[in-house]
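Descriptive structure summary
Letter by letter, the chains look like this.
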Amino acid sequence: MNLSQDAWAALVLSGRLALWVTPAYALAGALLAWALVFGLKRPGWLDALVTIPIAFPPVVIGFALLWLLGRQSLLGQTLVELGVGFVFSFQGLWLAAFIAGLPLVVKTLQAALQTQPRDWHETALTLGCRPFAAFWLVHLPIARTAWLTGVLLALARGLGEVGISLMLGGNILGRTETLSLAIFNAVTTGDYAQGALLSAVLGGCCLGLLMLVRWLQPRPSRCI
């Protein structure tokens, strides 16, 4: 059985989404991890905000974003006037994938940064580095494996996102139907064969990302 034309459109849309959201994961994840570990004296509120997408049901987050960014809200009306619409659009799909996957980047990188000796940071400051420069030139290169691992995990999570995408993107055939939503639609209409094929495609993509994560992990040294 071959993929239908709509399924191919969903696959292309998911690929386009991955290309746009991956750099955002890397940049925002690094900046938030810096703020949590080095930038803020009391990062508890930011840490809680980053953790919300992990703890809250995706549908609840999607509804909150729909209410916040919809045309009925002041913010939504302002964004529409500026030519930016997050509801029932590609931008909405991007935002859904970004919010769903970002905590995985931040938490993975944050844990790696917190294991680094604090002396490294103090030494960099003593040598004339500004705090953010010390993070960017010293800490982040050392934690680059954790950084990349977090980005790959976030991408796998973002590609499989359904709840937020369904509420914010609208699941419009040929326009905002991602690969994960195409699986949902195929099962809903009783086309289990197409759903199984799409599941194999999406599962294969995510499995490939997880294999990359596994490959990036340091190998344990063996005593002879």
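Residues numbered from 1 in each chain as written. Predicted model: local features only at pLDDT ≥ 70, side-chain atom pairs only at ≥ 80, totals over all residues. Heavy atoms only, no water.

**Considerations on helix 2 (residues 44-55)**
For helix 2, which comprises twelve residues, the first-to-last C-alpha distance of 16 Å matches the rise-based estimate of 16 Å (1.5 Å per residue) to within 8%. Within the sequence span of helix 2, burial applies to Leu46, Val50 and Pro53. Each buried residue of helix 2 sits inside an arc of 45° when the element is viewed along its axis, so together they form one side. Within helix 2, the exposed residues directed more than 90 degrees away from the buried face are Trp45, Ile54 and Ala55. (Helix = DSSP H or I, 4+ residues; strand = E, 2+ residues; numbered from the N terminus. Expected span 1.5 Å × (residues − 1). Buried < 20%, exposed > 50% of the residue type's maximum accessible area, 1.4 Å probe, protein only. Arc of directions from axis to C-beta.)

**As for a nonpolar patch on the surface**
Side chains of Leu40, Trp45, Leu49, Ile52, Phe56 and Val60 sit close together on the surface and give an oily, nonpolar patch of about 570 Å² of accessible area. A total of three residues in the nonpolar patch trace back to one element, the largest contributor, which is helix 2. Tracing the sequence through the fold places Trp45 in helix 2. A relative accessible area of 56% means that Trp45 is categorised as exposed. (Patch = residues over 30% accessible without salt bridge, like charges linked within 9 Å, V, L, I, M, F, W, Y side chains within 5 Å. Areas by Shrake-Rupley, 256 points an atom, 1.4 Å probe, with all protein chains shown as cover. Salt bridge = Lys/Arg side-chain N within 4 Å of Asp/Glu carboxyl O.)

**Side note on the layout of surface pockets**
Rolled over the atoms, a probe with the dimensions of a water molecule shows which regions are left empty. In this model, the largest pocket occupies a volume close to 290 Å³. If you go around the largest pocket, you meet 15 residues; those closest to its centre are Leu49, Val50, Ile52, Pro53 and Ile99. Put simply, the parts of the chain that give the lining of the largest pocket at least two residues each are helix 2, helix 3 (58-69) and helix 5 (90-114). Looking at which element gives the most residues to the lining of the largest pocket, the answer is helix 3, with five residues. In terms of residue class, the lining of the largest pocket is made up of 15 nonpolar, no polar and no charged. Taken as a whole, the second largest pocket holds about 160 Å³ of empty space. Residue lining of the second largest pocket: Leu69, Gly70, Arg71, Gly76, Leu79, Val80, Val84, Gly85, Phe86, Val87 and Phe88, and that is the complete set. Looking at the lining of the second largest pocket element by element, the count peaks at three residues for helix 4 (residues 74-81). (1 Å grid on protein atoms, 1.4 Å probe; cavity = no way out; pocket = protein on both sides within 12 Å on 5 of 7 lines; lining within 4 Å. Points joined across faces, edges and corners; volume = space filled by probe spheres on them. Nonpolar A, V, L, I, M, F, W, Y, C, P; charged D, E, K, R; others polar.)

**Quick word on the side chain of Ser89**
The residue Ser89 is located in the loop between helix 4 and helix 5 in this model. Residue class for Ser89 comes out buried when judged on its relative accessible area of 9%. Within the local environment of Ser89, its side chain forms a polar contact with the backbone oxygen of Gly85, the two atoms lying 2.5 Å apart. Of note is the side chain of Ser89, whose polar atom sits 3.3 Å from the side chain of Gln91. (Polar contact = N/O pair within 3.5 Å; in protein donor to acceptor, adjacent residues only side chain to side chain.)

**Some thoughts on unusual backbone geometry**
For residues that are not glycine, phi is negative in most cases, and the peptide bond is trans in most cases. The residue Phe88 is not glycine, and still its phi comes out positive at about 55°. Within the secondary structure, Phe88 sits in the loop between helix 4 and helix 5. Classification of Phe88 by relative accessible area gives partly exposed; the value is 38%. At Asn171, a residue that is not glycine, the phi angle is positive and equals roughly 55°. Position of Asn171 among the secondary structure elements: in the loop between helix 9 (163-169) and helix 10 (179-188).

**Description of the packing of helix 2 against helix 5**
Packing of helix 2 against helix 5 brings their axes to within 8 Å, and their N-to-C directions diverge by 125°. One finds that helix 2 runs oblique with respect to helix 5. Seen from above, helix 2 lies across helix 5 with left-handed handedness. Listed contacts from helix 5 to Asp47, Val50, Thr51, Pro53 and Ile54 of helix 2 are Ile99, Pro103, Val106, Lys107 and Gln110. When its residues are assigned to classes, the contact of helix 2 with helix 5 shows six nonpolar, two polar and two charged. (Axes fitted to C-alpha atoms, helices over the stretch in contact; angles between N-to-C directions. Parallel < 35°, antiparallel > 145°, perpendicular 65-115°, else oblique. Left-handed = near helix turned anticlockwise from the far one by under 90°. Contact = heavy atoms within 4.5 Å.)

Worth remembering: the numbers are spatial, not functional.
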